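Remarks on the overall topology
If you want the building blocks of each chain, they are given just below.
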Amino acid sequence: MAELSDKSKAQILEILEKDSRTSAADIGIMLGIGEEEAAAQIRAMEEEGVICGYHTLVNWEKISEEKVVALIEVRVTPQRDMGFDKLAERIYQYEEVQAVYLMSGAYDFTVIIEGRSMKSVAQFVSSKLATIDGVLSTATHFILKTYKDEGMVMLEKEKDERIQVMP
Amino acid sequence: MRDPLSRQVQQLKPSGIRKFFDIVSEMPDAVSLGVGEPDFATPWPIREAGIHSLELAHTHYTSNAGLQELKTEIARYLKRRIGVSYDDRSEIFVTVGGSEAIDLALRAMLDPGDEVLIPQPSYVSYEPCTRLAGGAPVIIELQEKDEFRLTAAQIDAAATERTKILVLPFPNNPTGSVLRREDLEQIAEAVIRHDLYVISDEIYSELTYGETEHVSIASLPGMQERTVLINGFSKAYAMTGWRMGYAAAPERILKQMVKIHQYAIMCAPTTSQYAGVEAMRSGDADVARMRASYDQRRRYVLHELHDMGLPCFEPMGAFYVFPNISRFGMTSEDFATKLLYQEKVAVVPGTAFGDCGEGFIRISYAYSLENLKKALGRVRKFVEKLDGKTEA
């Protein structure tokens with residue numbers, strides 16, 4: 001039973017990852033487990049923190065509101081007893097920070113920052129990020145264009161080119 | 001002036017529902033449930049392999065039977081998936097879609113007057129190709145009560161001394177029916193009893209659901225030597241436009257098929273063959289992903305049809321369901337035409353797949369959930385009107 005429910009959990013997550021608005025009723029039908037079971041599993045996964053939230057993937061370039069996203073490479077000195085985690089926390093507490101990843105390789109953190117202009121992002125990096133104790137250096141890369149995000153290609157919807165009826 | 005046309009070709013009856021297809025093509029805003037191909041694009045690694053082959057200027061003919069590399073991969077695939085060993089030099093060859101292989105198998109084996117058993121409802125080409133090859137089609141009508149499975153008793157009832165070939169189209173288009181091992185064992189006995197050969201069209205072999213695993217009749221004792229196995233890349237790897245199929249058969253039969261292919265076709269498209277090599281090498285995960293997705297939509301469509309009162313047995317293969325619409329007292333074509341005009345939904349009348357498809361329609365679930373919802377919502381409305389639940 002546990003194995004069965006693990007399998008359906010993975011399938012539920014795959015469906016929701018593609019379209020988080022798919023209803024528990026539809027998921028229940030598609031997986032043959034019924035609405036109640038689907039809803040219960042979703043609820044459990046929300047409580048366990050497996051499902052961390054439901055967001056909307058926005059193509060900001062399509063509306064006039066200006067928005068700038070930058071990827072910052074950050075090199076730090078890990079702190080005694082706390083390693084990288086404490087430093088990461090000091091970074092991710094800021095509203096402007098969308099994501100923080102600990103990296104292997106030449107630098108330590110990748111920090112994704114969102115701002116209204118290049119100037120405001122640059123200002124945040126120089127005044128807030130670079131001044132944190134333990135941060136050795138930063139390198140800022142602005143994102144110029146998003147082609148694909150969260151597994152979705154940011155283009156016009158493809159038309160169904162198939163012949164409509166065919167034996 | 002003399003009549004330019006062959007009598008035989010003129011006598012070949014055109015697809016009975018041509019008229020219906022023409023109406024659909026003039027209604028671009030119709031929502032379709034009528035396609036016969038995957039909604040997925042070919043997985044990128046396969047497309048990329050095709051592009052790469054063009055960059056390397058692999059733009060020439062291949063040998064008639066196809067790239068050796070590809071034939072080797074096909075032999076490995078057949079061993080892996082259906083447990084049958086074929087010699088990759090003399091028992092496998094690459095065709096332009098499974099449909100070419102169907103035509104070649106019939107032409108290579110039939111003499112005038114030889115009878116071919118064709119279970120229907122089934123794909124539209126077996127009967128005309130049999131006629132063009134000089135054979136005589138004998139239709140076996142599959143029954144809804146048998147879940148459209150072929151039975152050995154039906155073969156016994158239809159076979160005569162002139163019967164030479166049994167066409168075995170499973171998993172089936174349009175019904176979605178799948179044969180189980182025990183069905184195949186009895187069919188194989190009947191085939192041997194009547195000394196027949198089998199053309200096994202296994203183009204939907206990768207698309208079976210639940211516990212149902214595809215079993216090839218070629219894997220049963222004594223059957224490999226009697227079977228022309230036909231498969232292809234279209235349905236499993238979403239490669240319909242690449243036109244890639246293959247046949248695996250005893251050398252004696254295959255040699256004659258390749259001979260006709262050599263004169264009529266030369267070889268399958270070279271770019272497609274290189275893409276096909278990649279599909280066989282790395283495509284398993286993509287096939288599994290698409291299969292899981294079809295299965296979810298299959299359950300959804302079945303649930304909706306049952307809920308709106310369209311009885312339908314649970315199909316375990318392909319990507320079609322075949323609901324029974326006979327309770328409305330109209331022909332399949334009437335039903336499909338009215339549904340098209342009133343609710344702008346295109347389905348395929350069951351009669352497109354043989355006279356015994358009367359009373360059924362074929363619904364394809366190779367669509368996004370969003371599209372299925374929209375289309376099935378309209379079908380529901382149509383059915384409710386017919387049932388008098390809402391005002392027309």
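Each value, and the rule that gives it
Residues numbered from 1 in each chain as written. Chains lettered and ligands numbered in written order. Predicted model: local features only at pLDDT ≥ 70, side-chain atom pairs only at ≥ 80, totals over all residues. Heavy atoms only, no water. Helix = DSSP H or I, 4+ residues; strand = E, 2+ residues; numbered from the N terminus. Rg over C-alpha atoms; globule rule 2.2 N^0.38 Å. Buried < 20%, exposed > 50% of the residue type's maximum accessible area, 1.4 Å probe, protein only. Contact = heavy atoms within 4.5 Å. Areas by Shrake-Rupley, 256 points an atom, 1.4 Å probe, with all protein chains shown as cover. Domains from an automatic or database assignment. Buried area = accessible area lost by both parts, 1.4 Å probe. Salt bridge = Lys/Arg side-chain N within 4 Å of Asp/Glu carboxyl O. Polar contact = N/O pair within 3.5 Å; in protein donor to acceptor, adjacent residues only side chain to side chain. Nonpolar A, V, L, I, M, F, W, Y, C, P; charged D, E, K, R; others polar. 1 Å grid on protein atoms, 1.4 Å probe; cavity = no way out; pocket = protein on both sides within 12 Å on 5 of 7 lines; lining within 4 Å. Points joined across faces, edges and corners; volume = space filled by probe spheres on them.

**Concerning the overall build of chain B**
A tally of regular secondary structure across chain B gives 13 helices and 12 strands. Computed over the C-alpha atoms, the radius of gyration of chain B is 21 Å, within 12% of the 21 Å expected from 2.2 N^0.38 for a compact globule of 392 residues. Buried residues in chain B amount to 58% of all 392 residues. For chain B, restricting intrachain contacts to residue pairs at least 6 apart in sequence, the fraction spanning at least 24 positions comes to 75%. Put simply, chain B shows about 16,500 Å² of open surface, and 49% of that area lies on carbon and sulfur atoms.

**Observations regarding the domain arrangement of chain A**
Under the domain assignment used here, chain A contains domain 1 (2-47) and domain 2 (60-145). For domain 1 of chain A versus domain 2 of chain A, the distance between C-alpha centres works out to 35 Å.

**Some remarks on the domain arrangement of chain B**
Residue and element names in this part refer to chain B. In terms of domains, chain B is made up of domain 1 (7-42 + 285-385) and domain 2 (59-283). Between the C-alpha centres of domain 1 and domain 2 the distance comes to 25 Å. Contacts between the two partners involve 37 residues from domain 1, matched on the other side by 39 residues from domain 2. Together, Phe313, Met316 and Phe353 form the three largest contributors to the area buried by domain 1 at its contact with domain 2, with a combined 20%. Run the count over domain 1 and domain 2 and you get one salt bridge. Close ionic contact of Glu206 with Arg291 constitutes a salt bridge, the shortest N to O distance being 2.8 Å. Taken together, the links from domain 1 to domain 2 amount to 18 residue pairs in polar contact (both at pLDDT 80 or more). Among the secondary structure elements, those contributing two or more residues to the side of domain 1 that touches domain 2 are helix H1 (7-11), helix H11 (284-307) and strand S9 (320-321).

**Some thoughts on the environment of B:Lys145**
Residue and element names in this part refer to chain B. Positionally, Lys145 belongs in the loop between strand S4 (136-141) and helix H7 (152-158). Classification of Lys145 by relative accessible area gives exposed; the value is 70%. Sequence separation between Lys145 and Phe313 is 168 residues; the distance between their C-alpha atoms is 8.9 Å.

**Thoughts on the interface of chain A and chain B**
On the chain B side, the residues contacting the 15 residues of chain A number 31 residues. Of all residues in chain A, A:Arg162, A:Gln164 and A:Pro167 give up the largest surface area on contact with chain B, accounting jointly for 41% of the area buried on that side. At the junction of chain A with chain B, the criterion picks out one salt bridge. With its nearest N and O atoms 2.2 Å apart, the salt bridge here joins B:Lys373 to A:Asp26. There are 12 residue pairs in polar contact (both at pLDDT 80 or more) connecting chain A and chain B. Sort the elements by how many residues they give to the side of chain A that touches chain B and helix H2 (residues 24-31) of chain A lands first, with four residues. Tallied by class, residues from the side of chain A that touches chain B come to eight nonpolar, three polar and four charged.

**Section: empty space enclosed by the protein**
All names here are of chain B. Evaluation of the coordinates by the stated rule reveals one cavity of 30 Å³ or more. Counted as a void, the largest cavity has a volume near 70 Å³. Along its surface, the largest cavity is lined by Leu168, Phe170, Pro171, Val178, Leu179, Leu184, Ser200, Glu202, His214, Val215 and Ile217. Residue composition of the lining of the largest cavity, by class: eight nonpolar, two polar and one charged.

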